[in-house]
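Read off the chains here:
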Amino acid sequence: MSQSLLFIPLHLLGIALCFACGPRRRPALCCALGFPVGLAAAVVLALAMMMVRIRHDPWTLGAAMAIAGLAAAFGAARRGMGRRDLAIAGAWTAAFAAMCAAISPFNVAILTSIDSHRILSLAIAIANDGGLEPATMARLGHWGVFQVVAHSMMGLTRQDFLYSLPLALGLSFIPVFAVLLWHALESLGAAPRRRWLLVGLVTAALFTIGALDYHILYIHTNLGAGVYLFLFLVMFWIAEVERDASWLPVAFLALVAFALHRTETPIVAVLVLSLTVTRSELPRRPIGFALAGSSAGMILWLEVLAAHLSPEGDFLTPGRCHLMAGLLAGFFLWWAASARSEIIRCIDRRMPLLISATCALALAGELASRPDHMIASARSWAFNLTTLPLWGQTWFIILALVVIGLAVAPPPFRAPFAVGLPACFAVVLFLVYFRAPYREGRGDSANRMTIQMLPLIVFYLAIKFIPALDCRTRDSQRRSATAAEIGSPVRTSIQRN
Amino acid sequence: MVTNVLRRMWGQPAASRRLGIAFVVGLALLLGHNVVWLAHHQTRLSCSERVCTSPRRLERVAWRSRTPKISLLALYYLLNDRIPHARLTIPSSWRREKPQLEELSRLEVDVSDGELLVAPGYVEQLRRSGARRHRSIRGDLTWARTRPAPDMAVEVEDYVFLFDAATTDYVVAEAPGEGGPIFVMPRSAYAGVAAR
């Protein structure tokens with residue numbers, strides 16, 4: 001039960017933040033986003049406090065969360081959060097509290113791998129030391145810091161560890177996925193009459209996949225990374241399609257949370273930024289603020305981490321941290337310069353092609369350099385996806401849908417999905433060049449990292465196919481509108497697409 | 001180019017609608033596959049792959065693991081819970097465990113110059129005295145735990161923790177030979193059973 005007393009304030013913090021500086025015109029979405037956004041905000045807050053040497057204990061963390069929550073609630077009230085919004089938030093919070101009360105008494109978390117225990121050990125060390133001691137920092141070269149800091153909040157409960165955290169995040173992701181898909185289809189003009197049914201079908205098909213369910217119970221980094229990558233890409237995409245910059249602050253908070261999840265995620269963050277902000281038609285000012293803030297946070301963390309790592313480390317080393325920090329800084333400068341340079345804007349327009357070519361060349365180079373290593377890794381990865389019991393026949397069905405989807409007209413601003421997702425797969429394969437080959441088995445890194453892309457693949461297929469179901473309706477609408485136009489000089493816009 | 005050809009073939013509105021229907025059928029197939037999979041495997045998979053309740057104490061979760069590394073963590077979680085900030089002397093062979101013991105168990109760790117072994121008869125003496133899971137052997141001084149070994153009929157001790165509320169000075173000792181239990185005991189108790 002005591003874990004609910006941590007999760008509910010996090011949920012409320014997230015709701016307040018979304019109403020204060022997120023998509024406040026969509027109260028159901030703000031409420032659905034409550035827990036993931038509140039968790040991300042609390043972790044970023046706790047990490048910032050530890051970096052300025054404020055003691056990490058239940059009192060300081062509780063006070064910081066209370067202050068942040070009150071400030072966000074004040075901001076939400078000033079921005080016109082009305083009675084209807086409060087009623088929706090109240091109902092949603094009651095449902096979330098009921099869910100927490102149901103899951104908190106039972107430990108169904110999967111902790112069978114040493115990885116889960118390493119994450120929990122680091123979290124316990126942080127809680128015991130009251131902050132990030134040098135010895136703890138040195139061990140963070142193997143792990144992202146997000147889940148470690150999230151689990152170090154167990155001091156706010158009376159439990160040994162937050163066994164319900166992955167389950168709470170996974171269950172709260174289900175309505176987030178459904179509501180975001182609903183809004184995406186709405187912005188694409190899909191017929192509302194069967195939208196809920198189709199959204200329900202897509203959501204049910206995704207969240208019954210055995211491997212995803214496994215990760216919803218597994219204490220590790222991949223589910224969290226997948227949730228926050230999904231939030232950034234989808235929220236940015238909807239912001240772009242609707243020309244509504246109010247989604248950006250929460251989207252970029254999700255990007256920071258994603259980048260803090262794993263050692264390689266800052267690289268993927270730069271990749272998805274290249275496919276989103278460089279080609280965006282949103283106003284530059286809100287993008288600039290969000291990009292500067294998130295990049296500064298990520299760079300600062302990487303530089304602090306670099307100061308404590310060993311140059312002989314297996315995963316992150318000071319050199320690799322500097323490289324990733326440099327990538328992030330370089331990307332921000334590139335984006336800033338694009339306002340004044342036609343050449344940069346010209347390159348930005350060809351960014352999807354550039355990224356595809358870079359990924360292809362990098363993989364070809366690695367394949368030429370270490371063919372056995374790369375082929376063995378690719379084979380193990382494919383073996384895991386097609387033969388492990390947790391996946392079943394999932395990938396055969398998804399691949400069939402992807403192939404059929406090639407014939408369907410794509411949605412607008414598709415590059416983050418159409419190029420970004422294959423590029424993410426390429427990055428997974430690219431990374432193995434620098435480490436031991438991927439292996440056959442459930443716990444293999446590539447197999448786990450695939451979970452991070454899975455919700456985005458299903459989402460992209462849905463926004464591609466579902467509007468196609470209305471084609472005949474639209475076609476007849478278009479014909480009748482054209483007939484109306486003959487008699488009227490006013491041009492009628494029927495659909496955005 | 002391939003997608004353009006495909007779109008020219010199937011991308012007309014009526015055909016697109018058919019593709020949309022194909023997607024719905026594909027999703028229904030995926031959902032059906034997943035439901036059948038879940039129903040089929042929920043009873044067949046091991047506890048590590050399906051919904052299965054575990055203890056809420058971290059030490060007990062680790063202790064149930066068959067992986068020796070994780071089993072050892074169970075001891076560290078226990079020490080963090082029972083004797084935080086105590087002084088612990090470890091044998092030289094345990095030097096690599098020092099950082100983890102300091103961080104995870106909040107102990108002040110000293111490394112001994114050599115091995116710390118209990119007398120050969122001590123393990124048998126414990127066994128005869130009836131050490132069982134969660135059972136006190138002598139008042140509140142001793143707290144031992146055993147666990148069933150995988151695929152074995154007998155119970156073996158994983159570690160034995162001798163707790164004394166009056167002391168903050170402990171040692172880690174090992175039984176002579178391979179595969180015996182690990183002892184964490186007050187220095188005074190170790191002095192009485194150390195191998196000569």
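Residues numbered from 1 in each chain as written. Chains lettered and ligands numbered in written order. Predicted model: local features only at pLDDT ≥ 70, side-chain atom pairs only at ≥ 80, totals over all residues. Heavy atoms only, no water.

A.B. asks: So what's going on with the overall build of chain B? Residues and values would help.
C.D. replies: The number of helices and strands found in chain B is 7 helices and 7 strands. Going from N to C terminus, chain B has its helices and strands arranged as α-α-α-α-β-α-β-α-β-β-β-β-β-α. The long-range share in chain B, meaning contacts at least 24 apart out of those at least 6 apart in sequence, stands at 43%. (Helix = DSSP H or I, 4+ residues; strand = E, 2+ residues; numbered from the N terminus. Contact = heavy atoms within 4.5 Å.)

A.B. asks: Explain the interface of chain B and chain A to me, and be specific about the residues and the numbers.
C.D. replies: Counting residues at the interface gives 49 residues for chain B, matched by 62 residues for chain A. In this assembly, chain B packs against chain A so that about 4,800 Å² is buried in total across both faces, 67% of it on carbon and sulfur atoms. Broken down residue by residue, the surface that chain B buries against chain A is led by B:F23, B:R56 and B:E103, which jointly contribute 16%. Between A:D160 and B:R57 there is a salt bridge, with the nearest N and O atoms lying 3.5 Å from each other. For the side of chain B that touches chain A, the secondary structure elements donating two or more residues are α1 (2-10), α2 (13-41), α3 (58-63), α4 (68-82) and α5 (98-105) of chain B. (Buried area = accessible area lost by both parts, 1.4 Å probe. Salt bridge = Lys/Arg side-chain N within 4 Å of Asp/Glu carboxyl O.)

A.B. asks: Before we move on, can you summarise helix α14 (residues 265-276) of chain A with the specific residues and values?
C.D. replies: End to end, α14(A) covers 16 Å across 12 residues, agreeing with the expected 16 Å (1.5 Å per residue, within 8%). Within α14(A), 11 of the 12 residues are buried, leaving the element largely enclosed by the surrounding structure. (Expected span 1.5 Å × (residues − 1). Buried < 20%, exposed > 50% of the residue type's maximum accessible area, 1.4 Å probe, protein only.)

A.B. asks: Tell me about the packing of helix α22 (residues 420-431) of chain A against helix α23 (residues 445-465) of chain A, residues and numbers included.
C.D. replies: Between two packed helices, what matters for the description is the angle formed by their axes and the separation of those axes. All names here are of chain A. Where α22 contacts α23, the two axes come as close as 10 Å, and the packing angle between them is 175°. With respect to their mutual orientation, α22 and α23 come out roughly antiparallel. Seen from α22, the contacting residues are L421, C424, F425 and V428; seen from α23, they are A446, M449, T450, M453, L456 and I457. Tallied by class, residues from the contact of α22 with α23 come to 9 nonpolar, 1 polar and no charged. (Axes fitted to C-alpha atoms, helices over the stretch in contact; angles between N-to-C directions. Parallel < 35°, antiparallel > 145°, perpendicular 65-115°, else oblique. Nonpolar A, V, L, I, M, F, W, Y, C, P; charged D, E, K, R; others polar.)

A.B. asks: Outline the packing of aromatic side chains, supporting the account with residue identities and numerical values.
C.D. replies: Residues and elements named next belong to chain A. The final tally for this structure, using the stated rule, is 30 aromatic pairs over all chains. On the numbers, 5.6 Å between centres and 70° between planes, the contact of F161 with Y163 is edge-to-face. Y163 gets classed as buried once you look at its relative accessible area, which sits at 2%. With a centroid separation of 5.2 Å and 40° between ring planes, the pair formed by Y214 and Y218 is classed as tilted. With relative accessibility at 5%, the residue Y214 sits in the buried group. An aromatic cluster of three or more residues is present, and its members are F173, F177, F207, F230, W237, F417, F459 and Y460. The positively charged end of R195 is found above the aromatic ring belonging to W182, 4.3 Å away from the centroid. The cationic tip of R284 hangs over the ring face of W335; the distance from NZ or CZ to the ring centre is 4.1 Å. (Phe/Tyr/Trp six-rings, centres within 6.5 Å; stacked < 30°, edge-to-face > 60°. Lys NZ or Arg CZ within 6 Å of the ring centre and 35° of its normal.)

A.B. asks: Kindly report on the pairing of strand β2 (residues 108-111) of chain B, identifying the contributing residues and their values.
C.D. replies: The two faces of a sheet get side chains in turn, since along a regular strand they alternate between them. All names here are of chain B. Taken together, the 4 bridges between strand β1 (residues 87-90) and β2 define a ladder with parallel strand orientation. Across the sheet, residue L88 finds its bridge partner in β2, namely V109. Regarding the hand of the β-α-β motif, the stretch spanning β1, α5 and β2 is right-handed. (Pairing = 2+ DSSP bridges. Right-handed = clockwise from strand over helix to strand, strands pointing away.)

A.B. asks: Can you lay out helix α5 (residues 83-103) of chain A for me, pointing to particular residues and giving the numbers?
C.D. replies: Residue and element names in this part refer to chain A. With 21 residues, α5 extends 30 Å from end C-alpha to end C-alpha; this agrees with the ideal 30 Å at 1.5 Å per step. Among the residues of α5, D85, A89, T93, F96, M99, C100 and I103 are the ones counted as buried. Burial along α5 is one-sided: seen end-on, the buried residues are contained in an arc of 120°. In α5, the exposed residues that point more than 90 degrees away from the buried face are R83 and R84. The secondary structure elements touched by the buried residues of α5 are α1 (4-21), α2 (27-32), α3 (34-51) and α9 (165-187). (Arc of directions from axis to C-beta.)

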